[in-house]
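Listed below, chain by chain, are the residues.
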Amino acid sequence: MKVLVIVDHLRIGGRERLALDQMYEMTDQGIDCKLVMLDAQSTKENPNFVNQKSELPYISKIKILSSPKSKFRQFFFLSKMIEEFKPQLVLAHTLPPVVMLRIIRFLRIWKFQINTVIHQLPSLSDRKQRFK
């Protein structure tokens, strides 16, 4: 099985921790998987997991790719990634790539499952956010 995991970034936070833990477990189980960061920037105010010394032994075992910054280029980056890697499952930890993935899946007629992980209770969200 091949799995593609997509996150906005790897800055220190809850959803990023979950995505990394998923990657670590899949790698330990021998599942071929890659992690795609849509925004790879980190600053001193927002350090990321990749730069943490405690994560280095684990991070080095997983495949992390950075996508281009613009949404237009991200679309083509993800399309090329799916064409080359041919994942059966794509785990998205944020909503914007889900839209791109659904369009890619429709246009290219590739068979892959998209699972979206929602990290917020709908009852605590704004009405617009719940609609998304």
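Above this note sits the structure.
The model shown is predicted, which means the values in this text are computed figures rather than measured ones. (Residues numbered from 1 in each chain as written. Predicted model: local features only at pLDDT ≥ 70, side-chain atom pairs only at ≥ 80, totals over all residues. Heavy atoms only, no water.)

Caption draft 1: Seen up close, the pairing of strand 4 (residues 89-92). With burial as the criterion, each face of strand 4 is covered, one bearing Leu 89 and Leu 91 and the other bearing Val 90 and Ala 92. Relative to strand 4, strand 1 (residues 2-7) runs parallel, the two being bridged by four bridges. Its bridge partner being in strand 4, Val 3 is matched across the sheet by Leu 89. Pairing between strand 4 and strand 5 (residues 113-116): four bridges, direction parallel. Note on strand 5: the bridge partner recorded for Leu 91 is Asn 115. Viewed along the sheet, the connection from strand 4 through helix 4 (residues 96-108) into strand 5 turns out right-handed. (Buried < 20%, exposed > 50% of the residue type's maximum accessible area, 1.4 Å probe, protein only. Helix = DSSP H or I, 4+ residues; strand = E, 2+ residues; numbered from the N terminus. Pairing = 2+ DSSP bridges. Right-handed = clockwise from strand over helix to strand, strands pointing away.)

Caption draft 2: Focus on the nonpolar core. Judged by nonpolar contacts, the single largest core of 17 residues is most densely connected at Leu 4, Ile 6 and Leu 101. Ranked by the residues each element gives to this core, the list is headed by helix 3 (residues 71-85), at five residues. The contacts of Ile 6, once residues within four sequence positions are left out, are Val 36, Leu 38, Leu 78, Val 90, Leu 91, Ala 92, His 93, Pro 97 and Leu 101. Judged by nonpolar contacts, the second largest core, of 16 residues, contains Leu 10, Met 23, Tyr 24 and Ile 59. (Core = buried A, V, L, I, M, F, W, Y, C linked by side-chain atoms within 4.5 Å. Contact = heavy atoms within 4.5 Å.)

Caption draft 3: Region of interest: the side chain of His 9. The residue His 9 is located in the loop between strand 1 and helix 1 (14-28) in this model. Engagement of the side chain of His 9 in a polar contact is seen with the side chain of Glu 16, the distance being 3.3 Å. (Polar contact = N/O pair within 3.5 Å; in protein donor to acceptor, adjacent residues only side chain to side chain.)

Caption draft 4: Local environment of the packing of aromatic side chains. By the definition in use, this model includes two aromatic pairs. Geometrically, the ring pair formed by Phe 72 and Phe 76 is edge-to-face, given 5.0 Å between the ring centres and 75 degrees between the ring planes. In this pair, Phe 72 and Phe 76 both sit in helix 3, four residues apart, roughly one turn of the helix. Both rings, one in Phe 75 and one in Phe 76, keep their centres 5.4 Å apart while their planes meet at 90 degrees; by these two values the pair is edge-to-face. We classify Phe 76 as partly exposed; its relative accessible area is 47%. Feature note: the residues Phe 72, Phe 75 and Phe 76 constitute an aromatic cluster, connected by ring pairs. Sitting over the face of the ring of Phe 112, Arg 105 holds its NZ or CZ atom 5.9 Å from the ring centroid. (Phe/Tyr/Trp six-rings, centres within 6.5 Å; stacked < 30°, edge-to-face > 60°. Lys NZ or Arg CZ within 6 Å of the ring centre and 35° of its normal.)

That's the geometry; what it means functionally is another story.
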